Amino acid sequence: MRDLTMQWGMQPVLDRVNLVMQPGERLAVVGPSGAGKSTVLRLLAGLQLPSSGELRLFDKPQTYLRLDQTDPPDVRLVFQNPALLASLTVEQNVGFLLRKKRQLSRAEIREQVEACLEAVGLFDIAHLYPGELSGGMQKRVSFARAMIDNPQRGDDAMPLMLYDEPTAGLDPMACTRIEDLIVKTTTVAEGCSVVVSHVRSTIERSAERVVMLYGGHFQWSGSVEEFRRTDNPYVEQFRTGSLRGPMQPSH
Ligand SMILES: Nc1ncnc2c1ncn2[C@@H]1O[C@H](COP(=O)(O)OP(=O)(O)OP(=O)(O)O)[C@@H](O)[C@H]1O
Ligand SMILES: [Mg+2]
């Protein structure tokens, strides 16, 4: 991102921000509610265009994502809410991309779907509809959907995995499983990941570098180790949850 600005009203949500990610890097974006974290992910995914500035992915300018795009960059987004298609089964939701893009038999798709569901700790639910699942299960199904067809690509494409609050509302064991998966999928796929999270364990276990977003700017950036120890007032307030500090509630 170079001098990237995103503005809807008077106050820009992102104000000329700059960010460079290295291949294979795992980044966490943290900050209070309304700071613009999901906006960063939507811009990276091509679901929104910046008001100004430059955004490049894999050395190409990122454009607005279109369904008829022939060679879109391999960017996967786990949405903040699961955003599953209610009229499709879990199998159809998770296998959606495979059905659209690949000449695979139903059995092959089923096999890949089951493998992704197992990886997120879900068994025997492929035939169910999202409305029949708990919130945490839906969240993990959306994770499986983002993972599908990723590690075995065999070409030189490098996926960018984007996770918006991937562990919010999950029990501690499910959190650990997802955090391990974020590391594993990034490593196996030789891609990068950006995790947005308020959960300390998720930030510290799934990322290597942390950036703190507030007031339209990246206020702080450092390694996970530095994130644990720094006395930067933004990070300290985030760590302690104190109501006193440089960050005010957005509303
Ligand atoms: N499509 C939109 N139109 C107008 N304003 C928007 C739009 N999307 C986001 N915003 C505004 O941009 C700001 C940042 O929103 P964003 O969803 O990126 O926050 P966030 O950091 O992800 O917050 P949270 O932690 O609550 O998910 C908010 O003030 C929000 O109201
Ligand atoms: Mg958000």
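Treat the numbers as computed from the prediction; the structure is a model and nothing was measured.

Cut-off values and rules
Counting from 1, residues in each chain are numbered in the order their sequence is written. Chain letters and ligand numbers both follow the written order, the letters beginning at A and the numbers at 1. Only residues with pLDDT of at least 70 are given local features in this predicted model, and only at 80 or more are side-chain atom pairs given and counted; all residues enter the totals for whole chains, interfaces and linings. No hydrogens and no water enter the side-chain calculation; it runs on all heavy atoms of the structure. By nonpolar core is meant a set of buried Ala, Val, Leu, Ile, Met, Phe, Trp, Tyr and Cys residues that side-chain atoms within 4.5 Å join together. Relative accessible area decides the class of each residue, using a 1.4 Å probe on protein chains only: under 20% of the type maximum gives buried, over 50% gives exposed, and in between gives partly exposed. Only DSSP runs of H or I covering at least 4 residues are called helices, and only runs of E covering at least 2 are called strands; the numbering of each starts at the N terminus. What counts as a domain boundary in this text is fixed by an automatic or database domain assignment. A pair of cysteine sulfur atoms is labelled a disulfide when the two atoms are within 2.5 Å. When DSSP finds two or more bridges between a pair of strands, those strands are recorded as paired. Throughout, an axis means a line fitted to C-alpha atoms (over the contacting stretch in the case of helices), and angles, computed between N-to-C directions, take values from 0 to 180 degrees. Because no water is among the atoms considered, metal sites can look incomplete, with donors defined as N, O and S atoms within 2.8 Å of the metal, or 3.2 Å for Na, K and Ca. Each pair of aromatic rings taken from Phe, Tyr and Trp, with Trp reduced to its six-membered ring, is defined by centres within 6.5 Å and is described as stacked if the planes are under 30 degrees apart, edge-to-face if over 60, and tilted in the remaining cases. Geometric relationships in this document are graded by angle, where less than 35 degrees denotes roughly parallel, more than 145 denotes roughly antiparallel, 65 to 115 denotes roughly perpendicular, and other angles denote oblique. Take the far helix as your reference; a near helix turned counterclockwise from it by less than a right angle gives a left-handed crossing, and one turned clockwise gives a right-handed crossing. Two residues qualify as a contact provided that any one of their heavy atoms is within 4.5 Å of a heavy atom in the partner residue. Under the grouping applied here, Gly and all other residues not named as nonpolar or charged are polar, the nonpolar ones being Ala, Val, Leu, Ile, Met, Phe, Trp, Tyr, Cys and Pro and the charged ones Asp, Glu, Lys and Arg. One heavy atom suffices: a residue is near a molecule or strand as soon as one of its heavy atoms comes within 4 Å of it. Whenever two N or O atoms come within 3.5 Å, that pair is a polar contact, provided that in protein one can donate a hydrogen and the other can accept it, and provided that, for residues adjacent in sequence, both atoms are side-chain atoms. Accessible area that two parts lose when put together, with a 1.4 Å probe and added across both, is what the buried area reports. Here, a salt bridge means any Lys or Arg side-chain nitrogen found within 4 Å of an Asp or Glu carboxyl oxygen. Here the expected length of a helix is defined as 1.5 Å per residue gap, with one fewer gap than residues. In this description, the arc belongs to the directions extending from the helix axis to the C-beta atoms.

Structural notes on the nonpolar core
Then, in step 1: Judged by nonpolar contacts, the single largest core of 30 residues is most densely connected at Val-94, Leu-117, Val-120, Ile-125, Val-141 and Phe-143.
Then, in step 2: Breaking this core down by element, the ones donating at least two residues are helix H2 (90–94), helix H4 (106–119), helix H5 (135–147), strand E8 (160–164) and helix H6 (172–188).
Then, in step 3: For this core, the two domains that each supply at least three residues are domain 1 (1–74 + 158–251) and domain 2 (85–149).
Then, in step 4: Formed by 26 residues, the second largest nonpolar core is a distinct cluster that contains Leu-44, Val-75, Leu-160 and Cys-192.

Section: the state of the cysteines
Then, in step 1: The full count for this structure, using the stated rule, is zero disulfides.
Then, in step 2: No disulfide involves Cys-175; its sulfur sits 20 Å from the nearest other cysteine sulfur, which is in Cys-116.
Then, in step 3: A relative accessible area of 9% means that Cys-175 is categorised as buried.

Considerations on the sheet that holds strand E2 (residues 14–17)
In any sheet, the strands associate via hydrogen bonds between backbone groups, in a parallel or an antiparallel arrangement.
Then, in step 1: The antiparallel open sheet is built from three strands, whose spatial order is E2-E1-E4. At either end of the open sheet lies a strand with only one pairing partner, and these are E2 and strand E4 (52–54). Averaged over all pairs of adjacent strands, the angle between strand axes in this sheet comes to 25 degrees, irrespective of strand direction.

Some words on the coordination of the magnesium ion (ligand 2)
Then, in step 1: Protein ligation of the magnesium ion (ligand 2) involves Ser-38 (OG) and Gln-80 (OE1), the donor distances falling in the range 2.0 to 2.4 Å. Of this pair, Ser-38 sits in helix H1 (residues 37–45) while Gln-80 sits in the loop between strand E7 (75–78) and H2; the two residues are 42 residues apart in sequence, bridging distant segments of the chain.
Then, in step 2: Residue Gln-80 is classed as partly exposed on the basis of its relative accessible area, which comes to 45%.

Quick look at the packing of aromatic side chains
Then, in step 1: The tally for this structure, following the rule as stated, stands at four aromatic pairs.
Then, in step 2: Consider the rings of Phe-143 and Tyr-163, whose centres lie 5.2 Å apart with planes at 15 degrees: the pair is stacked. One end of the pair, Phe-143, is in helix H5; the other, Tyr-163, is in strand E8, with 20 residues separating them in the sequence.
Then, in step 3: Residue classification places Phe-143 among the buried residues on the basis of a relative accessible area of 1%.
Then, in step 4: Ring plane angle 50 degrees and centroid distance 6.3 Å describe the contact between Trp-220 and Phe-227, whose orientation is recorded as tilted.
Then, in step 5: Accessibility expressed as a relative area gives 12% for Trp-220, which makes it buried.

Focus on the packing of H4 against H5
Then, in step 1: Running from amino to carboxyl end, H4 crosses H5 at an angle of 130 degrees, the nearest separation of the two axes being 9 Å. Relative to H5, the element H4 is oriented oblique. Crossing hand, H4 versus H5: right-handed. Along its contact with H4, which presents Cys-116, Leu-117 and Ala-119, the element H5 presents Val-141, Ala-144 and Met-147.
Then, in step 2: Residue composition of the contact of H4 with H5, by class: six nonpolar, no polar and no charged.

Some words on the site of ligand 1
Then, in step 1: Taken together, the neighbourhood of ligand 1 is formed by 13 residues, with Ser-33, Gly-34, Lys-37, Ser-38 and Thr-39 sitting nearest.
Then, in step 2: A distance of 3.4 Å is found between a nitrogen atom of ligand 1 and a side-chain nitrogen or oxygen belonging to Trp-8.
Then, in step 3: Grouping the constituent residues of the shell around ligand 1 by class yields four nonpolar, seven polar and two charged.

Topic: the domain arrangement of the protein chain
Then, in step 1: Taken as a whole, the protein chain is organised into domain 1 (1–74 + 158–251) and domain 2 (85–149).
Then, in step 2: Measuring from the centre of the C-alpha atoms in domain 1 to the corresponding centre in domain 2 gives 25 Å.
Then, in step 3: Across the boundary between the two partners, domain 1 contributes 14 residues, which contact 11 residues of domain 2.
Then, in step 4: Carbon and sulfur atoms supply 75% of the area that domain 1 and domain 2 bury against each other, a total of about 890 Å² over both sides.
Then, in step 5: Our count for the contact surface shared by domain 1 and domain 2 stands at zero salt bridges.

Examining H1
Then, in step 1: The element H1 is extensively covered by neighbouring structure, given that eight of its nine residues are classed as buried.
Then, in step 2: A positive phi of about 80 degrees marks Gly-46, the residue just after H1.

Considering H4
Then, in step 1: Here H4 contains 14 residues, and its C-alpha end-to-end distance of 20 Å stays within 8% of the 20 Å for a straight helix at 1.5 Å per residue.
Then, in step 2: Along H4, the positions that sit buried rather than exposed are Ile-109, Val-113, Cys-116 and Leu-117. Each buried residue of H4 sits inside an arc of 100 degrees when the element is viewed along its axis, so together they form one side. Exposed residues on H4 whose side chains face more than 90 degrees from its buried face are Ala-107 and Glu-111.

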